[in-house]
Amino acid sequence: MAKNSEPNFYESVQRNFDKAARHTNLPEGLLEQIKVCNAVYYMQFPVKVGNHYQVIEAFRVQHSHHRHPTKGGIRFSQKVSQEEVMALAALMTYKCAIVDVPFGGAKGGVKISPRDYTPGQLERITRRYTTELVRKNFIGPAIDVPAPDYGTGAREMAWILDTYSALKGGDIDASACVTGKPVTQNGIRGREEATGRGVFYGIREVLNDKGLLKRMGLEPGTEGKTMAIQGLGNVGYYTGKISQEEGGFKIISVAEYEGAIYCKNGIDIDALVAHRKKTGSILDFPGAVNMEQRKQTLEVACDVLVPAALENQIRDDNVKKVKAKIIAEAANGPVTASAAEYLLKKGCVIIPDMYLNAGGVTVSYFEWLKNLSHMRFGRMEKRFDQNRYLNLVNLIERETGRSISDKEKSFITKGADEIDLVRSGLEETMVTAYHQIREVMKRKQKIEDLRTAAFVNALGKISSDYINMGVFP
Ligand code: NAD
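Calculation criteria
Residues numbered from 1 in each chain as written. Predicted model: local features only at pLDDT ≥ 70, side-chain atom pairs only at ≥ 80, totals over all residues. Heavy atoms only, no water. Domains from an automatic or database assignment. Contact = heavy atoms within 4.5 Å. Buried area = accessible area lost by both parts, 1.4 Å probe. Salt bridge = Lys/Arg side-chain N within 4 Å of Asp/Glu carboxyl O. Core = buried A, V, L, I, M, F, W, Y, C linked by side-chain atoms within 4.5 Å. Buried < 20%, exposed > 50% of the residue type's maximum accessible area, 1.4 Å probe, protein only. Helix = DSSP H or I, 4+ residues; strand = E, 2+ residues; numbered from the N terminus. Pairing = 2+ DSSP bridges. Axes fitted to C-alpha atoms, helices over the stretch in contact; angles between N-to-C directions. Phe/Tyr/Trp six-rings, centres within 6.5 Å; stacked < 30°, edge-to-face > 60°. Lys NZ or Arg CZ within 6 Å of the ring centre and 35° of its normal. Patch = residues over 30% accessible without salt bridge, like charges linked within 9 Å, V, L, I, M, F, W, Y side chains within 5 Å. Areas by Shrake-Rupley, 256 points an atom, 1.4 Å probe, with all protein chains shown as cover. Near = heavy atom within 4 Å. Polar contact = N/O pair within 3.5 Å; in protein donor to acceptor, adjacent residues only side chain to side chain. Nonpolar A, V, L, I, M, F, W, Y, C, P; charged D, E, K, R; others polar. Expected span 1.5 Å × (residues − 1).

Let us look at the domain arrangement of the protein. Domain assignment breaks the protein into domain 1 (39–185) and domain 2 (188–381 + 416–473). Once you take the C-alpha centre of each, domain 1 and domain 2 turn out to be 23 Å apart. Counting from both sides, the interface comprises 38 residues of domain 1 and, opposite them, 36 residues of domain 2. Per-residue buried area on domain 1 facing domain 2 is highest for His66, Lys95 and Ile98; these three make up 21% of the total on that side. Between the two partners, domain 1 and domain 2, sit four salt bridges.

Laid out in structure tokens, this is it:
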């Protein structure tokens, strides 16, 4: 690849890695070991579709074995390729390090368009893919733990668990072989919303960061800020919903597969989802105008642009039309490395994917821990906390001679449920990781962008692991 030509997704990840590596003094061999993919499994298998057999191509890439298990979602998309899965697996390694989740990175891909298959056919494909992973020892609670990604969700994860359990009878930890499962099948409350909620926390941190905001001429705070979202799937939907409900954002444009809409007064995300369910499209949403092309959402003037669909959406051929002040990379790799260089020069802040969408893997980590402990979070301490708070409130009431309403009392004395603990753990993780990244920028004045700082932070942690293992003395 010529130095200034537009890199593909994998090349973008590598280019960003190299840029960050120059800010470290790690030995070349160690950097190379961190950068490469440790294991790539390419498979082709037949699945009966209608009256004929179709050969399906699929991948699982384990990028880094410096920690076990490896972890990363499974993507169902017609555009899946080995390089794409390698790029996504590499991002998982850096992501886990940034949020202190003790896994190596991995990713899976099945080259199909889910829209073209019935649920029964998708089930056969998912089960066969899982069987292939089991055969090659590419899945297991201590080996490699998949999760949802583009085109997959809790339903597919339930099929994976069922197939794995059937083949591995007697494994008491079988439910930890995959995360993102339905709550009724050993999943965890808060996993479905986790990536979008984490995206919201990350954006909120940036909007509270006066040092960064100065560059953009933005006032601190989320209330009333405008947002445009590309992709209303798992990540885009929850980012929009939570940003609107908890952050007071005004969502002025949304793009989906079928087109894009704009409304300067704001779009209610739940109403839009209900409209899409009813009509099959986000278009013709009451109060909004249809845009000519779906890609125009990326070009809307707004405070925060959230690409939440796929990689390479903002690239050399459209980057000059992007007017957002903050690009929040909810998707993986939505901005190419060369487009990012242009945006950074212009003063845009890019919140990098490997930090911003790490909420999914963070809560997947909680789910994995829950599965291994065979116990729901909060079960041991909820009543204990509740009784302690109640005794305290009763004591204060007695001593002051004043009493509070039952509603106030139950709010103050409530012990934490699983969902409360998951959200609290996620918020803590996203806030702490952001400040670690900013610390790197303060320590290394030459680093001007969050992505390079996030990478440097990840490289420090991963290299320490290798050194502690004695691989690189
Ligand atoms: P999803 O399949 O639930 O949703 C993606 C949506 O984007 C779909 O509704 C699709 O129709 C839409 N879309 C596709 N191309 C589009 C286009 N050109 N314009 C507008 N909309 C388009 O997938 P997801 O799980 O939300 O994943 C989205 C991105 O977030 C991916 O890059 C994925 O790797 C990343 N991600 C997902 C998770 C997770 O927990 N699901 C975690 C981290 C990162």
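Let's pick the thread back up.
Membership of the largest hydrophobic core comes to 96 residues, with the highest contact counts inside it found for Tyr94 and Ile203. Sort the elements by how many residues they give to this core and helix 3 (residues 82–98) lands first, with 12 residues. In this structure, this core is formed jointly by two domains, domain 1 (39–185) and domain 2 (188–381 + 416–473), each of which donates at least three residues. Leaving out residues up to four positions away in the same chain, Ile203 has contacts with Met227, Phe249, Val304, Val306, Ala328, Ile351 and Leu356. One finds Tyr41, Phe76, Leu161 and Tyr164 within the second-largest nonpolar core, a separate group that totals 28 residues.

What follows concerns the sheet that holds strand 3 (residues 70–76). On the basis of which strands lie adjacent, the open sheet formed by five strands has the order 1-2-4-3-5 and mixed pairing. Both edges of this open sheet fall to strand 1 (39–49) and strand 5 (144–148), since each of them pairs with a single strand only. Across the sheet, the axes of successive neighbouring strands diverge by a mean angle of 25°, strand direction being ignored. In this sheet, strand 4 (residues 104–110) lies alongside strand 2 (residues 52–62) in antiparallel orientation, the contact comprising five bridges. Directly across from Arg60, in strand 4, lies its bridge partner Gly108. Packing of helix 4 (residues 119–135) onto the sheet brings it into contact with strand 1, strand 2, strand 3 and strand 4, and relative to strand 1 it is tilted by some 145°.

As enumerated under the stated definition, the model contains 12 aromatic pairs in all. Ring geometry for Phe200 against Tyr201: centres 5.9 Å apart, planes inclined by 45°, an arrangement best described as tilted. One exposure class covers both Phe200 and Tyr201, and it is buried. Grouping aromatic residues by their ring pairs yields a cluster made of Phe103, Tyr365, Phe366 and Trp368. Looking at Arg294, its charged tip hangs above the ring of Tyr257, at a distance of 5.4 Å from the centre.

A contiguous nonpolar surface patch, about 270 Å² in accessible area, is contributed by Leu392, Leu395 and Ile396. Within the element layout of this structure, Ile396 appears in helix 13 (residues 382–400). A relative accessible area of 48% means that Ile396 is categorised as partly exposed.

Quick look at the site of the ligand now. The local shell around the ligand holds 24 residues, among which Arg75, Asp149, Thr195, Glu256 and Asn332 are the closest. At 2.5 Å from an oxygen atom of the ligand is found a side-chain nitrogen or oxygen belonging to Glu256. Across the complex, the protein chains shield 90% of the 830 Å² of accessible surface that the ligand would expose by itself. Of all the elements in the fold, those that place two or more residues in the shell around the ligand are helix 6 (191–207), helix 8 (234–247) and strand 7 (250–256). Its residues assigned to classes, the shell around the ligand comprises nine nonpolar, nine polar and six charged.

Bringing helix 1 (residues 9–21) into the picture now. The end-to-end C-alpha separation of helix 1 is 18 Å, in line with the 18 Å expected for 13 residues at 1.5 Å each. Extensive coverage of helix 1 is indicated by the burial of 10 of its 13 residues. If you check which residues of helix 1 are buried, you get Phe9, Tyr10, Ser12, Val13, Gln14, Arg15, Asn16, Phe17, Ala20 and Ala21. Buried residues in helix 1 make contact with helix 2 (28–35), helix 3, helix 10 (337–346) and helix 16 (450–468). Two or three places before Tyr10, at the opening of helix 1, Asn8 has a side-chain oxygen 3.1 Å from that residue's backbone nitrogen.

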